[in-house]
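# Structure at a glance
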Amino acid sequence: MLFLSYTAFVIIAPLVILYAIGYRPQASSPIPRSVGVILADAAPNGAQVSINSISYGSLPRSIPNIDPSVVHVQIAKDGYTPWEKQLEVKPTQATDIRSVQLLPSTFDTDSITRNSTQFETSPNNLLIANATNKNTLAVYDDTGAMVIPEEKLAGRAIAISWSPDSSHILVTFSKNTYQLFQVNTSSLTKVPSKSLTGLTTIHWSPSAVNAIYALDKNRSLVSYTIATQRSETLLKNINIFTIAGRSLYYQTVENSLGVLQLRSKDDRILVPDATKAVKKISATGDGHVALLGRDGELVIYTPKLERLTVSAFAQDMSWSPDDKLLLVQTAPTELSIFNVDNERLFSIHLKDLHMVTRLSQPITNARWFPDSLHILYETNGALMFSEIDTRDHPIAQVIDSNKAPGHLVFGDESKSIFYLQHKGKETNLVQTWLVTQEDR
């Protein structure tokens, strides 16, 4: 029996291994054929997949036994624009198309307020602070109902930000002047903010209650507490800084790269001479720091302080929400992706800068979709949505051809986006849905 069991194992085991890696027997030949598999999924749920016009049912789905070749894949759902590509299926390999995002064939857009100039949603996306062209500020819910009446502003707002606990709203004007409001149940109360005048690079503290980090006129990093209206100097001779998690990364005027732990106030220099003076610094929660030099050089320092040169001529950059990819504007009409740490992204190799979009018109305000696999950008007055998967071609779709330049906020579960839209001579705050009524 032992001999028979051993013999059976020797015969069957290789067949099982061959089957597992994609080989299939052929009736006409003793030599097994190699096949591939397609892994498919899409958002929203309920989409159907077909390969070479043969339906394979609803997603998510693993489709085995695909002969190696270039196949036509279509993912479709009622009410949405179908996703279609010609993709190569390779023997004994999986072709991954699990990052498909379907968009409605017709977008529904709801008007929130009229004559808007700036807006910002609260951290929980339940409220919207809106400034108008009459220099007033009011708070609305996401249906457009005013929940807190208007307050007069000191001028034309150029930015609005909420405190992390939604208790305060900071309005920024030109010449580094500000107005601060406490958000009550049914009113906005002005809070003395003269001490904020002249501060730049303002960030709300992620750890201290109603505290602000900023640079003063002497290039010192200060912490400003709203309750006491007092500033504390933390660091001097700071060129630029940013906050990631509970860490504050900064570059000094001598070009040293350092990090300040906000809770412990532990401060240390990471790189004594990081690079030339930078115009933008951005960091991830795990300690990757991207520095965009004033001359266009873009570099990344890893948590182990390895220096990665991304581009010699970059114009802007931003980390993906999962902190694994860097979106880089390499030219006025080009967007690229640098893959820092996403091993599942087969279309862009690790440590590779890969161009994903090139247009004939300038691209502005590029930003990530929350899934870290799609991007939005503006070109020639249109708001575009594009995947970063360049296999066959990156699929892009126009969301709105009348978007006003600038700010954009994602709604709850990324099912909608808020932005300013041109409508005749007016600029209105609108909410455009990225899913149909049935999927809301």
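Reference entry: report on the structure contained in this document.

Conventions used here
Every chain is numbered on its own, with residues counted from 1 as its sequence reads. The predicted nature of this model means local features are confined to residues of pLDDT at least 70 and side-chain atom pairs, given and counted, to a pLDDT of 80 or more, with totals for whole chains, interfaces and linings taken over all residues. Here the side-chain values reflect all heavy atoms present in the structure, with hydrogen atoms and water set aside. Strands here mean DSSP runs of E at least two residues long; helices mean DSSP runs of H or I at least four residues long; both are numbered from the N terminus. Any residue under 20% of the maximum accessible area for its type is buried, any over 50% is exposed, and the rest in between are partly exposed; the area is computed with a 1.4 Å probe on protein chains only. Whether two residues touch is decided by their heavy atoms; if any such pair falls within 4.5 Å, the residues are in contact. Shrake-Rupley sampling with a 1.4 Å probe provides the accessible areas, and residues are treated as covered by the protein chains on show and by no other component. His is not counted, nor are the chain ends, whereas Lys and Arg count as positive and Asp and Glu as negative. Here the site of a charge means atom NZ of a Lys, CZ of an Arg, CG of an Asp or CD of a Glu. Among buried residues, those of type Ala, Val, Leu, Ile, Met, Phe, Trp, Tyr and Cys that are joined through side-chain atoms within 4.5 Å constitute a nonpolar core. Pairing between two strands requires that DSSP report at least two bridges joining them. Only C-alpha atoms enter the line fits that serve as axes; for helices the fit covers just the stretch in contact. Angles between N-to-C directions range over 0 to 180 degrees. Two aromatic rings from Phe, Tyr or Trp, using only the six-membered ring of Trp, form a pair when their centres are within 6.5 Å; if the ring planes differ by under 30 degrees the pair is stacked, by over 60 it is edge-to-face, and anything between is tilted. Criterion for a salt bridge: a side-chain nitrogen of Lys or Arg within 4 Å of a carboxyl oxygen of Asp or Glu. We call two N or O atoms a polar contact when they sit within 3.5 Å, provided that within protein one can donate a hydrogen and the other can accept it, with sequence-adjacent residues counted only if both atoms are side-chain atoms.

### A word on the overall build of the protein
Counting its secondary structure elements, the protein contains one helix and 41 strands. Taken along its principal axes, the extent of the C-alpha atoms in the protein is 85 × 55 × 50 Å. Within the protein, the proportion of its 440 residues that are buried is 48%. Long-range pairs, those at least 24 residues apart, make up 40% of the contacts in the protein between residues at least 6 apart in sequence. Summed over all atoms, the accessible surface of the protein reaches about 21400 Å², with 52% contributed by carbon and sulfur. A gap of 6 Å separates the mean positions of the 39 positive and 42 negative side-chain charges of the protein.

### Some thoughts on the nonpolar core
Core analysis: the largest hydrophobic core is formed by 21 residues, its most contacted members being Ile38, Val73, Ile75, Trp83 and Ile97. When contributions to this core are tallied by element, the ones reaching two or more residues are strand 3 (36-43), strand 4 (48-51), strand 6 (61-66), strand 7 (69-76), strand 8 (83-89) and strand 9 (94-101).

### Overview of the sheet that holds strand 8
On the basis of which strands lie adjacent, the open sheet formed by four strands has the order 5-4-7-8 and antiparallel pairing. The open sheet has two free edges, formed respectively by strand 5 (54-58) and strand 8, since each of these has just one partner strand. On average, each strand axis in the sheet is inclined to that of its neighbour by 25°, with strand direction left out of account.

### Digging into the packing of aromatic side chains
Scanning all chains against the criterion turns up two aromatic pairs. Following the ring pairs from residue to residue traces out a cluster consisting of Phe369, Phe385 and Phe410.

### As for the side chain of Thr330
Within the secondary structure, Thr330 is located in strand 32 (residues 325-331). Overall, the relative accessible area of 16% leaves Thr330 in the buried class. When residues no more than four places from it in sequence are discounted, the contact partners of Thr330 are Ser311, Phe313, Leu335, Ser336 and Leu353.

### Description of the pattern of salt bridges
A side chain of one charge can pair with a side chain of the opposite charge if their charged atoms are brought near each other. Using the criterion set out here, one finds 14 salt bridges in the structure. Salt-bridge contacts for Glu387 lead to Lys85; the nearest nitrogen and oxygen are separated by 2.7 Å. Placement of Glu387 in strand 37 (residues 382-387) and of Lys85 in strand 8 is noted, with a sequence separation of 302 residues between them. One salt bridge in this structure joins Glu378 and Arg367, with 2.9 Å as the shortest N-O distance. Note that Glu378 is positioned in strand 36 (residues 374-379) and Arg367 in strand 35 (residues 364-368), a separation of eleven residues in sequence. Note on Glu378: relative accessible area 5%, which makes it buried. Because the salt bridges share partners, they merge into one network encompassing Arg367, Glu378 and Lys403.

### Here we look at the sheet that holds strand 12 (residues 127-132)
Read across the open sheet, the four strands follow the order 11-12-13-14; overall the sheet is antiparallel. At either margin of the open sheet sits one strand with a lone partner, and together these are strand 11 (116-121) and strand 14 (146-152). Adjacent strand axes in the sheet meet at a mean angle of 20°, parallel and antiparallel pairs treated alike. By the bridge criterion, five bridges tie strand 12 to strand 13 (residues 136-141) in an arrangement that is antiparallel.

### Looking at the side chain of Ser163
Turning to its location among the elements, Ser163 is positioned in the loop between strand 15 (159-162) and strand 16 (168-173). A distance of 3.1 Å separates a polar atom in the side chain of Ser163 from the backbone nitrogen of Ser167.

### Description of the environment of Gln182
Note that Gln182 resides in strand 17 (residues 177-183). Placed 15 residues apart in sequence, Gln182 and Ser167 show a C-alpha to C-alpha distance of 5.9 Å. Beyond its immediate chain neighbours, meaning those up to four positions away, Gln182 contacts Ser167, His168, Ser187, Leu188, Thr189 and Val191.

### Comments concerning unusual backbone geometry
Of note, the bond from Ala43 into Pro44 is cis; its omega dihedral lies within 30 degrees of zero at -5°. Relative to the assigned elements, Pro44 resides in the loop between strand 3 and strand 4. Cis geometry is found at the peptide bond from Leu59 to Pro60, where omega equals 0°. Inspection of the secondary structure puts Pro60 in the loop between strand 5 and strand 6. Positioned with a positive phi, Asp323 is a non-glycine residue whose angle comes to about 65°. Summarising the element assignment, Asp323 is placed in the loop between strand 31 (316-319) and strand 32. For Asp392, which is not glycine, the phi dihedral falls at a positive 65°. Mapped onto the elements, Asp392 comes out in the loop between strand 37 and strand 38 (396-400).

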